[in-house]
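Remarks on the overall topology
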Amino acid sequence: MMQKKFQKSPNSIRSSLLVRRTELVCLEFDIKGICILRRISRAELLREARISMKEDLDRLQVLHNSLASEKNLNKPLLKTMNEKDKQRLLQFFRGSLQSRDIRQVDPAFSAKPALWVRHNAILVSLEQIRAVILYNKLFLFDPDNPKVQRAVKIISERLGKIVERDIDMTSMPYEFCALEGILVNVCMSLEKDFASLEPTILENLDDLPTRLTSRQLEELRSFKQRLSQFSARSQDVQRVLQEVLEEDENMINMYLTEKKFHPKQFRNPVEHDEIEILSESYLQVVDHLTNRAELLDNAIDDTEDLVTIRLDTIRNRILFVELTLNIIALAFGAGSLVVGMFGMNLGIPVFKEELSSQSYFFLCVFVILGSIISLYWWLFIWCKEKGLYST
């Protein structure tokens, strides 16, 4: 009875899972840099983002009503427009924040590094930092992530400078301060990881030529793998910032505050100095780290080549010793052949008693040893001429 009382029906389980999927836990930063923990659904997030587009949507509604009253149209607006205006309108709505865009900042999905610019929002997904920036709010997702927790302090300090009227921040709108806080945290995370890698790798590279052990080689392999992962991360951030700087339209659309409070003013497509300078400054930092990682990777490759040359040299020395021993064994084998021939039970005249003497014995010994040495020397010269010896 007790088990039946606490059992959940499939419908309740399905509804609870649906709530978990639609609601996201995030940190909401206001204009003063104060953050609160909040649960927000996708619909609420889209509603927050569309507040800045309210005037544009109102103008479209007024235009539709005027056209409908003039021509007595009962059909939807899209069916009464020509193809060119229809494409421009659809392009405008595609450029606004959509529900599918939120998957980029949802921790439940694996998202690639990106910085997407929409008419009413900026989506950031860099180094496990996933955020949606509006003209007056910042939503930072996955608050339990240690990297996100480290970013909270930096972002709060950057946004707090707007209220304090810091000299360097007076000309920067809210969305640029929030974006700069995220980029500062991303660059600091990359610098910290590289600072932990570089000294240990350089120390290992310095010790490896003098202490060539299997443990040193295993550590070098591990360091190279970690360096490759770091290079991939820094190159992703580098690619994202370069893509932003290559698109003038995206940089113009990043002025969310200006579009909110001055909707009738249209910025010149080439007047985006603030965001361009901001992106370039952090791109230089990432470029510097990427180049240093590339140089360190080249140093590892050079060290691996040096280790390979040393191993080849050691192997050649072992082969040299082995070949020398084989030649000596061959020379002594030839001498043993002569001794074996003299030791056979055959009647040999020189072994007769009247011809035997101590001088004859030593003569035979010296002749055999001389033959062994001559044979060894001849084989040594022959192997050297054929390139079998490499000293």
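Criteria and thresholds
- Residues numbered from 1 in each chain as written.
- Predicted model: local features only at pLDDT ≥ 70, side-chain atom pairs only at ≥ 80, totals over all residues.
- Heavy atoms only, no water.
- Buried < 20%, exposed > 50% of the residue type's maximum accessible area, 1.4 Å probe, protein only.
- Helix = DSSP H or I, 4+ residues; strand = E, 2+ residues; numbered from the N terminus.
- Pairing = 2+ DSSP bridges.
- Patch = residues over 30% accessible without salt bridge, like charges linked within 9 Å, V, L, I, M, F, W, Y side chains within 5 Å.
- Areas by Shrake-Rupley, 256 points an atom, 1.4 Å probe, with all protein chains shown as cover.
- Salt bridge = Lys/Arg side-chain N within 4 Å of Asp/Glu carboxyl O.
- Lys, Arg positive; Asp, Glu negative; His and termini not counted.
- Charge placed at Lys NZ, Arg CZ, Asp CG, Glu CD.
- Axes fitted to C-alpha atoms, helices over the stretch in contact; angles between N-to-C directions.
- Contact = heavy atoms within 4.5 Å.
- Polar contact = N/O pair within 3.5 Å; in protein donor to acceptor, adjacent residues only side chain to side chain.
- pLDDT = per-residue confidence, 0-100.
- Core = buried A, V, L, I, M, F, W, Y, C linked by side-chain atoms within 4.5 Å.

Most of strand β1 (residues 23–29) sits out of view: 5 of its 7 residues are buried. As paired elements, β1 and strand β6 (residues 138–141) share 4 bridges and run antiparallel to each other. Its bridge partner being in β6, cysteine 26 is matched across the sheet by phenylalanine 141.

Side chains of Glu246, Glu247, Asp248 and Glu249 sit close together on the surface and give a patch of like negative charge. A residue is classified by how much of its surface remains accessible, and glutamate 247, at 42% relative accessible area, is partly exposed.

Glancing now at a nonpolar patch on the surface. A contiguous nonpolar patch, built from Val321, Leu325, Ile328 and Phe332 and spanning about 360 Å² of accessible area, is present on the exposed surface. Assignment of secondary structure puts leucine 325 in helix α12 (residues 273–342). With relative accessibility at 53%, the residue leucine 325 sits in the exposed group.

A few words now on the sheet that holds strand β2 (residues 35–41). The strand order across the open sheet formed by 6 strands is β2-β1-β6-β5-β4-β3, and the pairing between neighbours is antiparallel. Strands at the two margins of the open sheet, each flanked by one partner only, are β2 and β3 (114–117). Across this sheet, the average inter-strand angle for adjacent strands is 25 degrees, counted without regard to direction. With 4 bridges connecting them, β3 and strand β4 (residues 122–126) associate as antiparallel partners. Residue pairing for β4: leucine 115 is matched across the bridge by valine 124. Along the sheet, helix α3 (residues 42–50) contacts β2, β5 (129–133) and β6; its crossing angle with β2, the most-contacted strand, is approximately 115 degrees.

Structurally, glutamate 48 can be placed in helix α3. Residue glutamate 48 is classed as buried on the basis of its relative accessible area of 16%. A distance of 3.0 Å separates polar atoms of two side chains, one belonging to glutamate 48 and the other to lysine 137. Excluding anything up to four places from it in sequence, glutamate 48 contacts Arg38, Leu134, Lys137 and Phe139.

What follows deals with the pattern of salt bridges. All chains considered together, the criterion is met by 18 salt bridges. The salt bridge partner of glutamate 28 is arginine 38, with a shortest N-O separation of 2.7 Å. Within this pair, whereas glutamate 28 is found in strand β1, its partner arginine 38 is found in strand β2, the two being separated by 10 residues in sequence. Counted as one network, the salt bridges with shared partners bring together Glu28, Arg38, Glu48 and Lys137.

Further remarks concern the confidence of the model for the chain. Considering every residue of the chain, the mean pLDDT works out to 78; 73% of them sit at 70 or more. In the model of the chain, helix α1 (residues 2–6) stands out as the element of lowest mean pLDDT, 39, in contrast to β6, which has the highest, 93. Low pLDDT, under 50, characterises residues 13–20; the predicted model gives this stretch 1 contact beyond four residues in sequence or across chains. The low-confidence segment residues 166–170 (pLDDT under 50) makes 6 contacts with residues lying over four places distant or belonging to another chain.

Right, let's get into the pairing of β6. Every second residue of β6 is oriented toward a common face, with Leu138 and Leu140 on one face and Phe139 and Phe141 on the other, all of them buried. Inspection of the sheet shows β5 paired to β6 by 3 bridges, in the antiparallel sense. Opposite alanine 131, over in β6, you have leucine 140 as the bridge partner. Following β5, the chain reverses through 4 residues before pairing antiparallel with β6.

This part is about unusual backbone geometry. Here the phi dihedral of glutamate 127 falls at roughly 50 degrees; this positive angle occurs in a residue that is not glycine. Structurally, glutamate 127 is set in the loop between β4 and β5. For glutamate 127, a relative accessible area of 13% puts it in the buried group. One non-glycine residue with positive phi stands out, namely glutamine 128, at about 65 degrees. Mapped onto the fold, glutamine 128 is located in the loop between β4 and β5. According to the relative accessible area criterion, glutamine 128 is partly exposed, its value standing at 44%.

Now for the nonpolar core. Soluble globular proteins: nonpolar side chains tend toward being buried together. Judged by nonpolar contacts, the single largest core of 59 residues is most densely connected at Phe29, Leu115, Leu138, Leu140, Ile182 and Met254. The dominant element in this core, judged by the number of residues it contributes, is helix α8 (residues 174–207), at 15 residues. Non-local contacts of methionine 254, meaning those with residues more than four positions away in its chain, are made with Leu115, Val117, Ile122, Glu175, Phe176, Leu179, Val244 and Ile275. Leu46, Ile102, Leu134 and Phe141 belong to the second largest nonpolar core, which has 15 residues in total.

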